[in-house]
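Breakdown of the fold
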Amino acid sequence: MSEVTEMFSAPLTFNWTLSYRCNFTCDHCYSRDEECPELITDDLKRIVDILVEQQVPFINFGGGEPLICKDLYEIAEYASKSGLNVSMNSNGWLLDEAAAQRLKDVGFKSVGISIDSFEPSLHDGFRNMPGSFERAVHGLDALHKVGLKSTMSSVISRINYQAFRELLDLARDHGVGQVYLHNFKCSGRGFKNREDLDLTPEEWQAFYLEALAVKHQTKDLKISFDDPVIASLPEYQEKTMVKGSSCGKLSLHLQPNGDITPCGFIPVVVGNILNDDFESIWFDSPVLKAMRSKEATGKCSGCAAFDDCQGGCTARAFATTGDFNQPDPHCWK
Amino acid sequence: MNKPLRNPEIVWRVEKRRQAEVLKALETGEDVADTGTVILLLSGMMHQLNLIGGMIWEQCDGQKTLADIAGELAKEFSVEQAEVESDVAEFVADLAERGWLINE
């Protein structure tokens, strides 16, 4: 039994893709080119029942754009009434005040809006949707107005890595309490466009050093990173629940048909939540076991940081090499 | 604090498989004081409570008094209630100090 399953009898979070359908065609999207059958409402509720039975405390709807799913409100309400903590990530296009109020009424704890640049034209260009910046900002304002907690998600890429402070200011101006500066993933369209969008390892190192310094000085806004490669920096002092990628350890991902993958960026199915025994998947999946006990390979061998970073982002290593154990291509060491 | 209530901001879970292992270890006389069986999640941080702490935590529903909780614990471990009362009070006071328990 790994350290993870010795402690955790189930993941803490399920990132749940109800549908891959989306009204945007973003340059970096992991899922825009995916297709998958979707489940009927009763099956979605059965999934909620399983998550409750397994004591999974958090679900986060992503996609695809959750707000275009007809079942979103009903499933979210069913889940929140069943005791789950429900959140979601949206591009904000459909998030007017009425939608924000409805999200609050069905029990959402927080809603994240993706904004990738403080400059409207850059955001709109990246998202291939004119007017999307304005609608995303209005979405944040709508959430603030109805009193529903908002977060802002920004995928760091070539278009914004030198202007992340302005993104933080934008968040402050619109009542956001927490900003996620997500690392760029080379999955789906992100893989196809990585030459244009991804930073070099040295640029990632410089970005994180700067962003960590800003984080340490910032008191009025919570700044979060989700990149395990950051743990190799001595400046990174946070105590995390697990070492390395949290995928397959603290979280799992649900595809629209109920298939489970370690995370949205690793398209390896480890079972189906409706058809397979969940505990067998969680405790016995060879894929999850491999992700939880990575072996130092290549330049990770003998690297003093491996104990902390566990080779960095498993999804990125897998996308570029097909091997979980290979070093994260973002690693600067 | 007479009827302690778990802070509703805290998300928590009994790790049942872990709890079963600890109970088994306890039967063979192993020291399980440092082994967490209940996890608490607060502001992105995880905290753990050991078997006894977790049992007290589970009882803190805002309805039970400290005496009720001590009684439940005493029954569970087949000891006199008086033997555990001060430990329960001390533990509850510590968690209240952290803001994890509030008075109902």
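Relevant structure appears above.
Right, let's walk through the structure included here. (Residues numbered from 1 in each chain as written. Chains lettered and ligands numbered in written order. Predicted model: local features only at pLDDT ≥ 70, side-chain atom pairs only at ≥ 80, totals over all residues. Heavy atoms only, no water.)

**Let's talk about the overall build of chain B**
Within chain B, the secondary structure is distributed over four helices and five strands. Across chain B, helices and strands are ordered from the amino to the carboxyl terminus as β-β-α-β-β-α-α-α-β. For chain B, the C-alpha radius of gyration of 13 Å lies close to 13 Å, the compact-globule estimate for 104 residues. Viewed in the frame of its principal axes, chain B has a C-alpha envelope of about 35 × 35 × 20 Å. (Helix = DSSP H or I, 4+ residues; strand = E, 2+ residues; numbered from the N terminus. Rg over C-alpha atoms; globule rule 2.2 N^0.38 Å.)

**Description of the nonpolar core**
Core analysis: the biggest nonpolar cluster contains 94 residues, and Phe8(A), Phe14(A), Trp16(A), Phe61(A), Leu103(A), Phe108(A) and Ile115(A) have the highest contact counts within it. For this core, the leading source of residues is helix H6 (residues 132-146) of chain A, giving seven residues. Setting aside anything within four residues of it in sequence, one finds Phe14(A) in contact with Leu51(A), Val56(A), Phe58(A), Ile59(A), Asn60(A), Leu252(A), His253(A), Leu254(A), Ile260(A), Ile273(A) and Phe278(A). With 23 residues, the next largest nonpolar core counts Val14(B), Ala25(B), Leu49(B) and Ala70(B) among its residues. (Core = buried A, V, L, I, M, F, W, Y, C linked by side-chain atoms within 4.5 Å. Buried < 20%, exposed > 50% of the residue type's maximum accessible area, 1.4 Å probe, protein only. Contact = heavy atoms within 4.5 Å.)

**Focus: the environment of Asp33(A)**
Residues and elements named next belong to chain A. Structurally, aspartate 33 can be placed in the loop between strand E1 (13-17) and helix H2 (41-53). The sequence separation of aspartate 33 and proline 11 amounts to 22 residues, and the corresponding C-alpha distance is 27 Å. If we ignore the near neighbours within four places in the chain, the residues touching aspartate 33 are Arg189 and Lys192.

**Let's talk about the interface of chain A and chain B**
Between chain A and chain B, the contact holds 19 residues from the first and 16 residues from the second. Summed over both sides, the interface of chain A with chain B buries roughly 1,400 Å², with 58% coming from carbon and sulfur. On the chain A side of the interface with chain B, the three residues burying the most area are Met7(A), Gln55(A) and Met241(A), jointly 42% of the side's total. Between Glu279(A) and Arg17(B) there is a salt bridge; the shortest N-O distance is 3.4 Å. Those elements that place two or more of their residues in the side of chain A that touches chain B are helix H1 (3-7) and helix H11 (278-284) of chain A. (Buried area = accessible area lost by both parts, 1.4 Å probe. Salt bridge = Lys/Arg side-chain N within 4 Å of Asp/Glu carboxyl O.)

**Focus: the sheet that holds strand E4 (residues 45-50) of chain B**
Residues and elements named next belong to chain B. Pairing within the open sheet is antiparallel, and its three strands lie in the order E2-E3-E4. Unpaired on one side and paired on the other, strand E2 (11-14) and E4 mark the two borders of the sheet. Strand-to-strand twist in this sheet, taken as the mean axis angle between neighbours without regard to direction, amounts to 20 degrees. Bridge count between strand E3 (residues 36-42) and E4: six bridges; the pairing is antiparallel. (Pairing = 2+ DSSP bridges. Axes fitted to C-alpha atoms, helices over the stretch in contact; angles between N-to-C directions.)

**So, the pattern of salt bridges**
All names here are of chain A. One pass over the full model with this rule turns up 19 salt bridges over all chains. Close ionic contact of lysine 70 with aspartate 71 constitutes a salt bridge, the shortest N to O distance being 3.3 Å. When its relative accessible area of 10% is taken as the criterion, aspartate 71 is described as buried. The closest approach of N and O atoms between lysine 215 and glutamate 238, which form a salt bridge, is 2.9 Å. You can see lysine 215 sitting in helix H10 (residues 201-217) and its partner glutamate 238 sitting in the loop between strand E7 (222-225) and strand E8 (251-254), a full 23 residues away along the chain. You can call lysine 215 buried: its relative accessible area is 19%. Here glutamate 238 falls in the partly exposed class, since its relative accessible area comes to 42%.

**Quick look at the environment of Val92(B)**
All names here are of chain B. Relative to the helices and strands, valine 92 resides in helix H4 (residues 81-98). For the pair valine 92 and proline 8, spaced 84 residues apart in the sequence, the C-alpha separation amounts to 16 Å. Excluding residues within four positions of it along the chain, valine 92 makes contact with Met1, Pro4, Ile56, Leu66 and Leu101.

**Regarding helix H14 (residues 314-321) of chain A**
Those residues of H14(A) lying buried are Thr314(A), Ala315(A), Arg316(A) and Ala317(A). Of the residues trailing H14(A), Gly322(A) is marked for its positive phi of about 80 degrees.

**Description of the pairing of E8(A)**
Here E8(A) shows two buried faces, one formed by Ser251(A) and His253(A) and the other by Leu252(A) and Leu254(A). Connecting E8(A) to the antiparallel partner strand E9 (residues 259-261) of chain A that follows it, the hairpin turn spans four residues, and Gly258(A) within it adopts a positive phi of roughly 95 degrees.

**Focus on the sheet that holds E8(A)**
Residues and elements named next belong to chain A. Spatial ordering of the open sheet is given by E7-E6-E5-E4-E3-E2-E1-E8-E9-E10, a layout of 10 strands whose pairing is mixed. Edge positions in the open sheet fall to E7 and strand E10 (271-272), since each of these has one partner strand only. Summarising the sheet, strand E2 (residues 58-62) and strand E3 (residues 85-90) pair through four bridges and their orientation is parallel. The residue bridging phenylalanine 58 from the neighbouring strand is asparagine 85, located in E3. Against the sheet, helix H7 (residues 164-173) makes contact with strand E5 (149-155), strand E6 (178-182) and E7, and its axis sits at roughly 165 degrees relative to E5, the strand it touches most.

**Digging into unusual backbone geometry**
Of note in the backbone geometry, Asn128(A) takes a positive phi value of approximately 55 degrees without being a glycine. For Asn128(A), the position within the fold is in the loop between helix H5 (120-127) and H6.

**What to know about the environment of Ser150(A)**
All names here are of chain A. Inspection of the secondary structure assignment puts serine 150 in strand E5. Take serine 150: its relative accessible area is 4%, and that puts it in the buried class. Residues serine 150 and valine 179, 29 residues apart in the sequence, show an inter-C-alpha distance of 9.2 Å. Not counting residues up to four positions away in its chain, the partners in contact with serine 150 are Val111, Leu140, Leu143, Gly175, Val176, Gly177 and Gln178.

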